[in-house]
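Working through the structure, step by step
If you want the building blocks of each chain, they are given just below.
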Amino acid sequence: MAKTGWDEFEIGAMLRTFDGKIDDIAGTLQEDRAYSQNSSFSASVADWRIEKPIFSKDFCIDCQFCWIYCPDISIISRDKKMIGIDMDHCKGCGICVEVCPTNPKSLLMFPEQADEESELAKWPAKESKEK
Amino acid sequence: MSEMKKIKNLKDFSTSADRFEGANLLCPGCAHSIIVREVLNATNDDLVLSASTGCLEVCTAVYPYTSWDASWIHIGFENGSTAVAGAEAMYNALKTKGRLKQPDRNPKFVSFAGDGASYDIGFQWISGCMERGHNMMHVVLDNEVYANTGGQRSSSTPIGSSTTTAPAGRISYGEKKNKKDMVSIMASHGIPYAAQVAPNKWKDMVKKIQHGMAVEGPVFINAVSPCTTEWKFDPKDTMHITDLATDSLVFPLYEIIDGHELNITYRPKNVIPVEEYMAAQGRFKHLFKDEYKYLIKEWQDRVDEKWAQLNRREEARV
């Protein structure tokens, strides 16, 4: 469907969150939902970010702290595993990095223009605890 | 009665399908959406929601977008709770008449409001809902200030906090009145459940929300929601500030059942001084000047006294 601007809708138009019918929203994961262009899911706030989080799978223990404390539903967890970050909706607040309990952290903030692969290659090593 | 969603641990919880969407316009690091997610994910039942005017409402329903995947209504600043109460009354009427299309579905009625819309402007309306005994839940996202309109004081703003209508300066230390004890006021209506929650203690929160949804009758929930813009801290520190708030006992977590049975649900292992909580936020910065240091001590005394009072109430069951 072509994108309609805010001033192009008819007066009294009815805007729906989904295209088609969903009976059980609480049991339908986001990738199985047919979002219409009127759900904010189809919008993006990626341009709000100055820094972006990068996720390194190697040290992740799937504690899901990042999932529960993410204010923007940007941590994608499926089957109790953290699988990635939704970069369309992440505002780059950095809460996920703060709450990550692993050593070294599985999530770190980098400038928006940083290259993911090269940053993953030089991920910090485990820090020894100071006595 | 539909079955309660089983949430044993965070991994179980993370299989929930969110009904609140990203790309809302809340500030980065806003605790509002963390609280809303925890509330909505606590149940699998259908939801009838409302939001009173406030950050949550203006940021999640920006024409032509909506961030809600459930029935949601906004009317005015004061009447989010009555809108949901009305929907609940209509649902019950249709149910008795047998005119519901899907009578086996068991929707939950929840209204969200900020502290301005609950402590000040919507107070009378909420009180009405609690008194009439609707089967609904009212969740306050308590950020202690009118954050949406630029940080004016509300009756939830604590002493010493600098706000735009009670600014700290040469002759004033900011807000001079203490915070209203809303949970006690609401519990005094004799409602079946009133509780104070914090988003960092997610398990405690989910337990209270599920209990609140299971009981018949009105439920009042007060959730602390640190505001990165008005409390003046870095967006990444939201959870840290919430930890400080619960561990310094500025926001004690407790529940009041049937208006008299008080249970303290979280006792911090190491109680930290209130000074640490205040030092982390820009709105209390001026209190660390020599002439206002006595206010911090007063704060500590007040928090200690409140904690002792809660403990006494828990013991005495009154």
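Residues numbered from 1 in each chain as written. Chains lettered and ligands numbered in written order. Predicted model: local features only at pLDDT ≥ 70, side-chain atom pairs only at ≥ 80, totals over all residues.

Along chain A, the regular secondary structure elements total three helices and four strands. Taking 14 Å as the expected radius of gyration for a compact globule of 131 residues, we find that chain A reaches 18 Å, considerably beyond that expectation. For the C-alpha atoms alone, the extent of chain A along its principal axes is close to 65 × 35 × 25 Å. By sequence separation, contacts in chain A at least 24 residues apart represent 52% of the contacts at least 6 residues apart. (Helix = DSSP H or I, 4+ residues; strand = E, 2+ residues; numbered from the N terminus. Rg over C-alpha atoms; globule rule 2.2 N^0.38 Å. Contact = placed C-beta atoms within 7 Å.)

All right, on to the nonpolar core then. Residues C66 and Y69 of chain A together with V110 of chain B are the most contacted members of the largest nonpolar core, which totals 104 residues. In terms of residue count, the dominant contributor to this core is helix α2 (residues 31–41) of chain B (six residues). Non-local contacts of Y69 of chain A, meaning those with residues more than four positions away in its chain, are made with I95, C96 and V99 of chain A together with I34 and M239 of chain B. Membership of the second largest hydrophobic core comes to five residues, among which are F41, A43 and V45 of chain A together with Y65 of chain B. (Core = buried A, V, L, I, M, F, W, Y, C linked by C-beta atoms within 7 Å. Buried ≥ 20, exposed ≤ 12 C-beta atoms within 10 Å, placed from the backbone.)

With that settled, the discussion passes to the packing of helix α4 (residues 80–97) of chain B against helix α6 (residues 123–132) of chain B. Residue and element names in this part refer to chain B. Two elements in contact, α4 and α6, have axes whose closest approach is 8 Å; the angle formed by their N-to-C orientations is 30 degrees. Relative to α6, the element α4 lies roughly parallel. Relative to α6, α4 is oriented so that their crossing is left-handed. Along the contact surface, α4 presents S81, T82 and A85, while α6 presents W125, I126, G128, C129 and R132. Here the residues of the contact of α4 with α6 sort into four nonpolar, three polar and one charged. (Axes fitted to C-alpha atoms, helices over the stretch in contact; angles between N-to-C directions. Parallel < 35°, antiparallel > 145°, perpendicular 65-115°, else oblique. Left-handed = near helix turned anticlockwise from the far one by under 90°. Nonpolar A, V, L, I, M, F, W, Y, C, P; charged D, E, K, R; others polar.)

Our focus in this paragraph is helix α11 (residues 293–316) of chain B. The end-to-end C-alpha distance of α11 of chain B, which contains 24 residues, comes to 35 Å, matching closely the 34 Å that a straight helix rising 1.5 Å per residue would cover. With its phi angle positive at about 55 degrees, R317 of chain B sits one or two positions after the end of α11 of chain B. (Expected span 1.5 Å × (residues − 1).)

Attention now moves to α6 of chain B. Residues and elements named next belong to chain B. Three or more residues of α6 are buried, namely W125, I126, C129 and M130. An end-on view of α6 places all buried positions within 135 degrees of arc, on one side of the element. Across from the buried face of α6, at angles greater than 90 degrees, the exposed residues are Q124 and E131. On its buried side, α6 packs onto α4, α5 (115–120), β4 (137–142), α7 (182–187) and β6 (219–224). (Arc of directions from axis to C-beta.)

Residues and elements named next belong to chain B. Pairing of strand β5 (residues 193–197) with strand β7 (residues 254–257) involves three bridges; the strand directions are antiparallel. From the neighbouring strand, Y193 faces β7, where its bridge partner is I257. Here four bridges tie β7 to strand β8 (residues 261–264), and the two strands are oriented antiparallel to one another. Across the sheet, the residue bridging to I256 is L262, located in β8. Connecting β7 to the antiparallel partner β8 that follows it, the hairpin turn spans three residues, and D258 within it adopts a positive phi of roughly 55 degrees. (Pairing = 2+ DSSP bridges.)

The partner chain B presents 35 residues to the 41 residues of chain A that form the contact. Among the secondary structure elements, those contributing two or more residues to the side of chain A that touches chain B are α1 (65–69) and α2 (95–99) of chain A. For the side of chain A that touches chain B, the element with the most residues is α2 of chain A, which contributes four residues. Partitioning the side of chain A that touches chain B into residue classes produces 20 nonpolar, 14 polar and seven charged.

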